[in-house]
Amino acid sequence: AYARDGKRFASGGTDKHIIIWTARGEGILKYPHADSIQCLAYNPVSGSLASGTALDFGLWSPEQKAVQKHKTRSRVLCLAWNNDGTVLTLGLYSGEISLRDKAGKELALAERAAPVWSLEWNPSREAETELLAGTCWDQTLSFYDLSGEQHGLDRPLGYDPMCVSHFGNGEYICLSGSDRMASLHTKEGVRLTTVAEHADWVWSCAH
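Residues numbered from 1 in each chain as written. Predicted model: local features only at pLDDT ≥ 70, side-chain atom pairs only at ≥ 80, totals over all residues. Heavy atoms only, no water.

So, the overall build of the chain
Each helix and strand in the chain was counted, giving zero helices and 19 strands. Its C-alpha radius of gyration of 17 Å places the chain within 12% of the 17 Å reference for a compact globule of 207 residues. Along the three orthogonal principal directions, the C-alpha set of the chain runs to about 45 × 35 × 35 Å. Counting all 207 residues of the chain, 50% fall into the buried class. By sequence separation, contacts in the chain at least 24 residues apart represent 35% of the contacts at least 6 residues apart. In the structure as shown, the chain presents an accessible area of about 10,300 Å², 50% of it carried by carbon and sulfur atoms. (Helix = DSSP H or I, 4+ residues; strand = E, 2+ residues; numbered from the N terminus. Rg over C-alpha atoms; globule rule 2.2 N^0.38 Å. Buried < 20%, exposed > 50% of the residue type's maximum accessible area, 1.4 Å probe, protein only. Contact = heavy atoms within 4.5 Å. Areas by Shrake-Rupley, 256 points an atom, 1.4 Å probe, with all protein chains shown as cover.)

This is the structure:
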């Protein structure tokens, strides 16, 4: 995961460690978790790093020596910061979407019927309401606001979605998963067209 300014990036893996690197690939910091690293996300404003595992999530900040770690109720599958970096969202294997403040305190909780594999806030700063798009293995796409309230109805997909990625300035959404495709949708979740087809599951897509 890259920091917004591009001056550093972070990596994590089955060795249970996070490494902070310079843009030149020089390791400058290393810290451990108690389990394999599942996901990473840099705060777009403060430069702090969120890291998720099967047991907890951590918050590292350049200004602090210690890494704050918080227990979770289930495996963290994905992490997403909102646009101004005030809310961190966790997608959990248990089907929960947990909204946290910058210190890790839970603000709201939304519950789904299956694992939440991908989350992303709409990057548009012009929208009246900041919305989170989430994909769940109940084969749906759904949307939530900063209070954790769902906006609109679930969008049935007919396949297990692995990734949601906003396209452009949030005008569109790209989805991919077990249907072996990457497909383009409106920001409200209405399917428009197929972007690409593959021979197997499409685990990630990005713009």
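Describing the side chain of His 70
Note on placement: His 70 falls in strand 7 (residues 68-71). There is a polar contact of 3.1 Å between the side chain of His 70 and the backbone oxygen of Ala 103. Setting aside residues up to four positions removed in sequence, His 70 forms contacts with Asp 56, Phe 57, Leu 59, Ala 103 and Gly 104. (Polar contact = N/O pair within 3.5 Å; in protein donor to acceptor, adjacent residues only side chain to side chain.)

Notes on the nonpolar core
Core analysis: the biggest nonpolar cluster contains twelve residues, these being Cys 78, Ala 80, Val 87, Ile 97, Leu 99, Ala 108, Ala 110, Val 116, Leu 119, Trp 121, Leu 132 and Tyr 144. Contributing elements (two or more residues each) for this core: strand 8 (76-81), strand 10 (96-100), strand 11 (106-111) and strand 12 (116-121). Counting residues per element, this core draws most heavily on strand 12, which supplies three residues. When residues no more than four places from it in sequence are discounted, the contact partners of Tyr 144 are Ile 97, Ala 110, Arg 112, Trp 121, Glu 130, Leu 131, Leu 132, Glu 149, Gln 150 and His 151. (Core = buried A, V, L, I, M, F, W, Y, C linked by side-chain atoms within 4.5 Å.)

Some words on the pattern of salt bridges
Where charged atoms from two side chains of opposite charge come close, those side chains can pair. For the structure on display, the rule yields five salt bridges. Where Arg 112 meets Asp 154, a salt bridge forms, and the shortest distance between an N and an O atom there is 3.0 Å. Highlighted residues: Arg 112 in the loop between strand 11 and strand 12 and Asp 154 in the loop between strand 14 (140-144) and strand 15 (155-156), separated in sequence by 42 residues. A single salt-bridge network, built from bridges that share partners, covers Arg 73, Glu 96, Arg 100 and Glu 106. (Salt bridge = Lys/Arg side-chain N within 4 Å of Asp/Glu carboxyl O.)

Focus: the pairing of strand 3 (residues 27-32)
Strand direction decides the pairing type here: strand 2 (residues 17-22) and strand 3, joined by five bridges, are antiparallel. In the sheet register, Ile 20 faces strand 3, and the bridge partner there is Leu 29. Between strand 2 and the antiparallel strand that follows it, strand 3, lie four residues; Gly 25 among them carries a positive phi value of about 85°. (Pairing = 2+ DSSP bridges.)

Some thoughts on the pairing of strand 5 (residues 49-53)
Counting buried positions over the five residues of strand 5 gives five, a clear majority of the element. As paired elements, strand 4 (residues 37-42) and strand 5 share five bridges and run antiparallel to each other. The residue of strand 5 that forms the bridge with Leu 40 is Ser 51. Between strand 4 and strand 5, which pair antiparallel one after the other, the connecting turn spans six residues, and Gly 47 there sits at a positive phi close to 85°. Bridge analysis of strand 5 against strand 6 (residues 56-60) gives four bridges, and the strand direction is antiparallel. Along strand 6, the bridge assignment pairs Gly 52 with Phe 57. Connecting strand 5 to the antiparallel partner strand 6 that follows it, the hairpin turn spans two residues.

Side note on the sheet that holds strand 18 (residues 181-186)
Read across the open sheet, the four strands follow the order 16-17-18-19; overall the sheet is antiparallel. Each edge of the sheet is formed by a strand with only one pairing partner; in this case those strands are strand 16 (161-167) and strand 19 (191-197). For this sheet, the mean angle separating the axes of adjacent strands, direction not counted, is 25°. (Axes fitted to C-alpha atoms, helices over the stretch in contact; angles between N-to-C directions.)

Description of the packing of aromatic side chains
Going through the model one piece at a time under the given rule, you end up with six aromatic pairs. Arranged with centres 5.2 Å apart and planes meeting at 45°, the rings of Tyr 2 and Phe 9 form a pair that is tilted. Between the aromatic rings of Trp 117 and Trp 203, the centroid separation amounts to 6.1 Å while the plane-to-plane angle is 85°, which identifies the pairing as edge-to-face. Residue Trp 117 is located in strand 12, and its partner Trp 203 is located in the segment after strand 19; the two are separated by 86 residues in the primary sequence. These aromatic residues form a ring-pair network of at least three members: Trp 117, Trp 137, Trp 201 and Trp 203. (Phe/Tyr/Trp six-rings, centres within 6.5 Å; stacked < 30°, edge-to-face > 60°.)

A few points about a nonpolar patch on the surface
Among the surface-exposed residues, Phe 167, Tyr 172 and Leu 192 lie close enough to one another that they form a single nonpolar patch of about 270 Å² accessible area. Assignment of secondary structure puts Phe 167 in strand 16. (Patch = residues over 30% accessible without salt bridge, like charges linked within 9 Å, V, L, I, M, F, W, Y side chains within 5 Å.)

Read these as layout, nothing more, since geometry by itself doesn't imply function.
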